[in-house]
Amino acid sequence: MNNIESSIVADFRQTLLWPVQLISESNSQKIQRPWDILKAENCAWQEIQDEFSLAKQSLSEVRYQEFVTFMPFAQRFLYGEGKHGRESGGYGESPLHIFSRSDVSQVRITLKHENAPIVLKVAHIELYFFFDIDVAFLALEVTGQNIKLNHAMDILYRLGRTYPNYWEENGDAGHCAKSIEWLDKQGNVLSRSDYQDKTRYLAFVKDNHVPCVSLHWEFLMDPLVQHYSSQEGQIRYREIEYQRMPLMAYLAFEDISTLTRGDMIRLGLVTQPWDSDTLPFTEEFLSNFEQKHCYDRYWDSNKFDPWSSTRIMCTGQNFIVVGSQHHRVYTNDKTGIKRNYQNQYFLLFLIAHFQKAALLMLSDRMVQAISRLNIEDENSIKAFRQSIRNVMGVFLRFTHRYWFESVSDQAVAKDVFSMMHKQLDTVDLFKKTRSRIMDMAEYLEGEEIKRQADTVVRLTVVTILGLIGTMTSGLLGMNIFDFSQASSLEKFSYFIGIFIPVGILTFYTVVKSRRLSLFLDALSNENTGLLYKLAKLKSVWFGKVEN
């Protein structure tokens, strides 16, 4: 019997993390607060009251261990400040807003080439919002016991698909499970996938130029609705990354020594199950898999003792932990790797992917602003400037509130987060996004300086031409005409008679100020002849203005 059929995963856990971009008004300077809408609506989502804010005498030991893993700035991000910090005007509450739902208790998965479905328990479903950043994360954790390795691999590969890549000749959706159903506590079906409904997916892409989300994922996100769908909803979203969700997995094996290198690589890269004696890709392609994707602080294939039988694998998109069911170092619910997976490792994975999603959202905002720009429309130009300034403001606040390249000084947490950052290439994405935003800022600053310079030139032209009248009246004095004997009505009439033509002349000068500035520039140029200067004078009224 092939090893993938004989090996048993005694304890199986899979955590999916789905990042989506929340749609907001591009020119709005208000900070969006979708969690307030969710609180007000009568829906399945309920806000989680953090243990730190509950009226309890002390904190649980598990939560304490989680808290001390992180450095102070990361603690403030994840948990906010205590009552003394809030009262003194400090950081305040955590910028995270977390909601959960309890109506879905199980998931029933029918895999390809399998007749009997597999039922997994839903441990939790949560929705994460972040203050001032228009992204949200759906987190789903499922668990199972005594699952064959090939089934575990297939579940990892197929469960987190939001839509199919293609359809096979028999109508099955490519890379997707045959069927996924959400069940309540009584086993009733709440929603099921529609991967085989090819017409729906093709029509949606044709009309909206974005992929369509499967019905069972739409059900979980409700009352959030897909941006281009016909559904009504105040909170709208669209996908921001690839159709396969980032995932974490914890696998405790009955006998981990039976796993081959091919099994490990398939688990680490989350590929389809196949013969254990083969590799999923070529040997040359996989030659540095262990060096690039494995964190072997607790792994030694020659020992398999309690401290040498745990391997952590990270590709950025996937975070997989494998170990032995018989070693408490790995399975302990309180202090073992299992507890770290559910708490510290999950938060590390969440932070890393949140940073990437936020940067992708900001890049998308800039693309939208440029795509809507019409340089011949003044209103479009103004809207573009406002959109870019909004993006600059959000990026500045993101940098100081959410961006950190290290979140812990504990050895494993520090190494794992660094590995996630490196695999996701987040630092390079941050630098590129920052560079693009700075380019936009320089462009807007240059445009502002140019407008100010044009205004100064126009005012200078008006001042020079007004100087002629000012000096003339100053030299001749104010007694050329004697109005001392005139009545008040006559004086007012004379004033209006002078004020109106002077005002018209001033406004006319402003209108022609650009052309006049070119003429004055030619007039002051000693290297030009009389004919050139006269031509410039003529161009004040005739011909096209020079750019």
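Here the structure is a predicted model, which is why all the values come from computation and not from measurement. (Residues numbered from 1 in each chain as written. Predicted model: local features only at pLDDT ≥ 70, side-chain atom pairs only at ≥ 80, totals over all residues. Heavy atoms only, no water.)

This brings us to the overall build of the protein. Check the secondary structure of the protein and you find 18 helices and 14 strands. For the protein, the proportion of its 547 residues judged to be buried stands at 47%. When the accessible surface of the protein is totalled, it reaches about 29,000 Å², and 54% of it is carbon and sulfur. (Helix = DSSP H or I, 4+ residues; strand = E, 2+ residues; numbered from the N terminus. Buried < 20%, exposed > 50% of the residue type's maximum accessible area, 1.4 Å probe, protein only. Areas by Shrake-Rupley, 256 points an atom, 1.4 Å probe, with all protein chains shown as cover.)

A grouping of Leu505, Tyr508, Leu530, Leu531, Leu534, Leu537, Trp541 and Phe542 is seen on the molecular surface, where their side chains present a nonpolar patch of about 890 Å² in accessible area. Of all the secondary structure elements, the ones that give two or more residues to the nonpolar patch are α16 (488-511) and α18 (530-538). A per-element tally of the nonpolar patch places α18 first, with four residues. Examined against the element boundaries, Leu534 turns out to sit in helix α18. Assessed through its relative accessible area of 43%, Leu534 is described here as partly exposed. (Patch = residues over 30% accessible without salt bridge, like charges linked within 9 Å, V, L, I, M, F, W, Y side chains within 5 Å. Salt bridge = Lys/Arg side-chain N within 4 Å of Asp/Glu carboxyl O.)

Time to look at the nonpolar core. Trp217 and Leu251 are the most contacted members of the largest nonpolar core, which has 71 residues in total. Leaving out residues up to four positions away in the same chain, Trp217 has contacts with Leu16, Trp18, Leu138, Leu140, Leu159, Gly160, Arg161, Thr162, Trp182, Tyr195 and Met245. Of all hydrophobic cores here, the second largest spans 63 residues; its members include Ile133, Ile388, Ala413 and Met440. (Core = buried A, V, L, I, M, F, W, Y, C linked by side-chain atoms within 4.5 Å. Contact = heavy atoms within 4.5 Å.)

All right, on to the pairing of strand β4 (residues 106-110) then. With four bridges connecting them, β4 and strand β5 (residues 118-130) associate as antiparallel partners. From the neighbouring strand, Ile109 faces β5, where its bridge partner is Ile118. Relative to strand β7 (residues 179-183), β4 runs antiparallel, the two sharing five bridges. When the sheet's bridge partners are listed, Arg108 is paired in β7 with Glu181. (Pairing = 2+ DSSP bridges.)

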